[in-house]
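Below, each chain spelled out in residue letters.
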Amino acid sequence: MRDKIRPSSRGSIQERISKIAAAIAAEREAQGLSRADVARAAGTTRESMGNAERGRAAPSLPMFLAICDGLGIAPAELLELAGEGVGVSPSEQLGCPKGGE
């Protein structure tokens, strides 16, 4: 099964985390919110938000969802802002082969 997972053409994991981090920061700034505002809404610390926005620490899935909630944006929208969802099906985003092959 493992041999059927395709490597991403979107860049390294760290590059992708950096793009998502930048999208989090850009969306927060576009809404005129402080890191403390979003951190409070997401149930985390300002320091954790800063790390997530700088790509120093990849947020866990629950934290990513909480950050999206704090920003009032759907996770798919934030991923699209980061260039992770443009014209790609959810299964393709996960690296699943078409047709379940």
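This one's a predicted model, so the numbers in the text were calculated from it and none came from an experiment.

Scoring rules and cut-offs
- Residues numbered from 1 in each chain as written.
- Predicted model: local features only at pLDDT ≥ 70, side-chain atom pairs only at ≥ 80, totals over all residues.
- Heavy atoms only, no water.
- Helix = DSSP H or I, 4+ residues; strand = E, 2+ residues; numbered from the N terminus.
- Expected span 1.5 Å × (residues − 1).
- Contact = heavy atoms within 4.5 Å.
- pLDDT = per-residue confidence, 0-100.
- Axes fitted to C-alpha atoms, helices over the stretch in contact; angles between N-to-C directions.
- Parallel < 35°, antiparallel > 145°, perpendicular 65-115°, else oblique.
- Left-handed = near helix turned anticlockwise from the far one by under 90°.
- Nonpolar A, V, L, I, M, F, W, Y, C, P; charged D, E, K, R; others polar.

J.: Honestly, helix H1 (residues 13–30) in this entry has me stumped. Any pointers?
T.: Here H1 contains 18 residues, and its C-alpha end-to-end distance of 25 Å stays within 8% of the 26 Å for a straight helix at 1.5 Å per residue. With its phi angle positive at about 70°, Gly32 sits one or two positions after the end of H1.

J.: Explanation requested: the environment of Leu78 in the structure shown.
T.: Mapping Leu78 onto the fold places it in helix H5 (residues 75–81). Along the primary structure Leu78 and Ala21 are separated by 57 residues, whereas in three dimensions their C-alpha atoms are 9.8 Å apart. For Leu78, the contacting residues outside a window of four places in its chain are Ala23, Ile24, Glu27, Phe64, Cys68 and Ile73.

J.: Teacher, can you tell me more about the confidence of the model for the protein here?
T.: Interpretation of this model should avoid reading the predicted coordinates in detail wherever pLDDT is low. Per-chain confidence: the protein averages 84 in pLDDT, with 75% of residues scoring 70 or above. At the low end of the mean pLDDT range in the protein sits helix H6 (residues 90–93), at 56; at the high end sits helix H2 (residues 35–42), at 96.

J.: Quick question: what am I supposed to make of the packing of H1 against helix H4 (residues 61–71) here?
T.: Packed helices, taken two at a time, are described by the angle between their axes plus the distance between the axes. Where H1 meets H4, the closest approach of the two axes is 10 Å, and the angle between their N-to-C directions is 20°. Regarding the angle of H1 to H4, the classification is roughly parallel. Our pair here, H1 against H4, has a crossing hand that is left-handed. In contact with Ile20, Ile24, Glu27 and Arg28 of H1, H4 contributes Phe64, Ile67 and Leu71. A per-class count over the contact of H1 with H4 returns five nonpolar, no polar and two charged.

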